[in-house]
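Spelled out, the chains give:
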Amino acid sequence: MAVNSLQLEDLKSFGILPWTSDTQGMRITDLLDENTCREFLDQYMNDIGAPTRKVAASLFMKHYARLTVAMALHQMSIKNGVPAIPVEACLFNKDRKLCIEPEHYSWQEWHTDARQAWQYEKLQTIITEHITPLIINLNKVAKLSNKILWENVAVRINSVYRKLLAQNLDQTQRNQLVQDFYFLKQADGELCKWKENPLAPYLHLETPETGTCARQTCCMYYMMPKNEYCGVCPLPKNPSS
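Residues numbered from 1 in each chain as written. Predicted model: local features only at pLDDT ≥ 70, side-chain atom pairs only at ≥ 80, totals over all residues. Heavy atoms only, no water.

- An unreviewed UniProt entry annotates the protein chain as Siderophore-iron reductase FhuF of Alkalicoccobacillus murimartini.

### Focus on the overall build of the protein chain
Thinking step 1. The helix and strand inventory of the protein chain stands at six helices and six strands.
Thinking step 2. When the helices and strands of the protein chain are read in sequence order from the N terminus, they spell out α-β-β-α-α-β-β-β-β-α-α-α.
Thinking step 3. Radius of gyration (C-alpha) of the protein chain: 18 Å, near the 18 Å computed for a compact globule of 241 residues.
Thinking step 4. Its C-alpha atoms give the protein chain principal-axis dimensions of about 50 × 45 × 35 Å. (Helix = DSSP H or I, 4+ residues; strand = E, 2+ residues; numbered from the N terminus. Rg over C-alpha atoms; globule rule 2.2 N^0.38 Å.)

### Concerning the packing of helix H4 (residues 115-142) against helix H6 (residues 171-185)
Thinking step 1. Where H4 contacts H6, the two axes come as close as 11 Å, and the packing angle between them is 55°. The angle between H4 and H6 places the two elements in the oblique class. Seen along the crossing, H4 lies across H6 with a hand that is right-handed. Contact with H4, carried on its side by Arg-115, Gln-116, Gln-119, Tyr-120 and Leu-123, involves Gln-176, Gln-179, Asp-180, Phe-183 and Leu-184 of H6 and no other residues of that element.
Thinking step 2. In terms of residue class, the contact of H4 with H6 is built from four nonpolar, four polar and two charged. (Axes fitted to C-alpha atoms, helices over the stretch in contact; angles between N-to-C directions. Parallel < 35°, antiparallel > 145°, perpendicular 65-115°, else oblique. Left-handed = near helix turned anticlockwise from the far one by under 90°. Contact = heavy atoms within 4.5 Å. Nonpolar A, V, L, I, M, F, W, Y, C, P; charged D, E, K, R; others polar.)

### What about the environment of Ala-166?
Thinking step 1. As for its position among the elements, Ala-166 is in the loop between helix H5 (146-165) and H6.
Thinking step 2. When the C-alpha positions of Ala-166 and Ala-117 are compared, they lie 27 Å apart, and in sequence the two are 49 residues distant.

Encoded structure:
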């Protein structure tokens, strides 16, 4: 099903844009080449003011997870559908948006009772095309722990469900969200083409009552020029004292 104008407008809030003739940036598939990825990270490091390649890689993955996995889960939960974002048709532009070639835009809805099978298939495609290969390459190029990179993805997922559960939902909607979350947390490693589910240790169903959970690893955001800590940082707020 083609993506209509309302769906396109909704995707803009997640940083998803059409790829036009004026779009400049880096093809996502090119980031799977080690040399190109290294050059990209060095430029990204300068663009955001990161002190090291490791910090740049960590913050890029947090940002990219919002553009892809978080966006997909939000659409699945709210609209029972998800846009197709084939990795070969995607480009990361100068404004840190994800641009998709218009002819590859399509909307895939859930129409059957086998919701979990549908959800697994769509998420597996997004994760194994966009996330897993990038994590493998970022680990090689930036020498950054896989655990940090996977938790960067997981915190974006936690945020999606926390914000949705804070809305005024009926009990059926809340039950569906909780069911969707635990289905993802309990999925096997094949969902991510990993030995075991690498997201599971970092997924927490955060509600308005429980609040947010501290991370197990540090994304190194505190090393940025503003010297601020993310809301779930596991480090003491004054590590030098």
